[in-house]
Amino acid sequence: GAAAGAGAAGLLYALRSTVDGNDDREISDELLAGAGKGLIYAAIVERVLPGGHPALKGAVAGTAEYFAAPWGGVFSQLQTLSPVRKIPVVSVLLEAGDAEDDPYLAFLLYGVALGVLYGEPGNDSE
């Protein structure tokens, strides 16, 4: 989950840098916040979403995060329920940054990328 979250945050950061040309955000902060959101997605959010394609699940999660942003976001609110919160080193990752000013498209793209990178648990091809 953390790797998928960080990967999704890295993709969104690269897209922002390409479009805007001068992203004021630090890549390390974005990757850490993305990793924390990925942990919450893997531990809680993905499990409660109805079946479907991983991109659709991610889009639903990104949309929910967007609408809940004024109250801290879904991922932030769910971090207290996550079992990974009990690990001190990991709990630092769960302090997700403030993205309330981001447009809906940023939330949607992050969610889709997170869903695709996380994939479907238990479907590991060898």
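The notes below deal with the structure included here. (Residues numbered from 1 in each chain as written. Predicted model: local features only at pLDDT ≥ 70, side-chain atom pairs only at ≥ 80, totals over all residues. Heavy atoms only, no water.)

**With respect to the nonpolar core**
1) Next: Formed by 14 residues in total, the largest nonpolar core has its most connected members in Ala8, Tyr41, Val45, Ala61, Phe75, Tyr110 and Leu114.
2) Next: Listed by contribution, the elements that provide at least two residues to this core are helix H1 (2-20), helix H2 (27-48) and helix H6 (104-118).
3) Next: Leaving out residues up to four positions away in the same chain, alanine 8 has contacts with Tyr110, Ala113, Leu114 and Leu117. (Core = buried A, V, L, I, M, F, W, Y, C linked by side-chain atoms within 4.5 Å. Buried < 20%, exposed > 50% of the residue type's maximum accessible area, 1.4 Å probe, protein only. Helix = DSSP H or I, 4+ residues; strand = E, 2+ residues; numbered from the N terminus. Contact = heavy atoms within 4.5 Å.)

**A word on the packing of H2 against helix H3 (residues 54-68)**
1) Next: Where H2 meets H3, the closest approach of the two axes is 12 Å, and the angle between their N-to-C directions is 110°. Compared by their axis directions, H2 and H3 come out roughly perpendicular. On the side of H2, the interface is formed by Lys37, Tyr41, Val45 and Glu46, while H3 contributes Pro54, Lys57, Gly58, Ala61 and Glu65. (Axes fitted to C-alpha atoms, helices over the stretch in contact; angles between N-to-C directions. Parallel < 35°, antiparallel > 145°, perpendicular 65-115°, else oblique.)

**As for the pattern of salt bridges**
1) Next: The final tally for this structure, using the stated rule, is 2 salt bridges.
2) Next: A salt bridge links arginine 16 to glutamate 30, with the shortest nitrogen-to-oxygen separation between them at 3.6 Å. Of this pair, arginine 16 sits in helix H1 while glutamate 30 is found in helix H2, placing the two residues 14 residues apart along the sequence. Considered together, arginine 16 and glutamate 30 belong to a single accessibility category, that of buried residues.
3) Next: The partner of lysine 57 in a salt bridge is glutamate 46, and the shortest N-O contact between them spans 2.8 Å. Taken together, the positions of lysine 57 in helix H3 and glutamate 46 in helix H2 put the pair 11 residues apart, joining distant regions of the chain. (Salt bridge = Lys/Arg side-chain N within 4 Å of Asp/Glu carboxyl O.)

**Observations regarding H3**
1) Next: Given a rise of 1.5 Å per residue, 15 residues ought to cover 21 Å, and the 21 Å separating the end C-alpha atoms of H3 matches this to within 8%.
2) Next: Looking at the buried residues of H3, the elements they touch are H2, helix H4 (74-78) and H6. (Expected span 1.5 Å × (residues − 1).)

**Quick notes on the packing of aromatic side chains**
1) Next: All told, the structure shown has 4 aromatic pairs when counted by the stated rule.
2) Next: Residues tyrosine 66 and phenylalanine 67 carry aromatic rings whose centres are separated by 5.3 Å and whose planes lie at 70° to one another, so their mutual orientation is edge-to-face.
3) Next: With centroids separated by 5.1 Å and ring planes inclined at 70°, the aromatic side chains of tyrosine 66 and tyrosine 104 adopt a geometry described as edge-to-face. One end of the pair, tyrosine 66, is in helix H3; the other, tyrosine 104, is in helix H6, with 38 residues separating them in the sequence.
4) Next: By relative accessible area, tyrosine 104 is classed as partly exposed at 33%.
5) Next: Counting every residue linked through ring pairs, the aromatic cluster contains Tyr66, Phe67, Tyr104 and Phe107.
6) Next: The positively charged end of lysine 37 is found above the aromatic ring belonging to tyrosine 110, 5.5 Å away from the centroid. (Phe/Tyr/Trp six-rings, centres within 6.5 Å; stacked < 30°, edge-to-face > 60°. Lys NZ or Arg CZ within 6 Å of the ring centre and 35° of its normal.)

**Notes on the layout of surface pockets**
1) Next: By volume, the second largest pocket is sized at about 210 Å³.
2) Next: What lines the second largest pocket is a set of 12 residues, among which Arg16, Val19, Asp20, Pro103 and Ala106 lie closest to the centre.
3) Next: The element contributing the most residues to the lining of the second largest pocket is H1, with 5 residues.
4) Next: Looking at the lining of the second largest pocket residue by residue, the class counts come to 7 nonpolar, no polar and 5 charged. (1 Å grid on protein atoms, 1.4 Å probe; cavity = no way out; pocket = protein on both sides within 12 Å on 5 of 7 lines; lining within 4 Å. Points joined across faces, edges and corners; volume = space filled by probe spheres on them. Nonpolar A, V, L, I, M, F, W, Y, C, P; charged D, E, K, R; others polar.)

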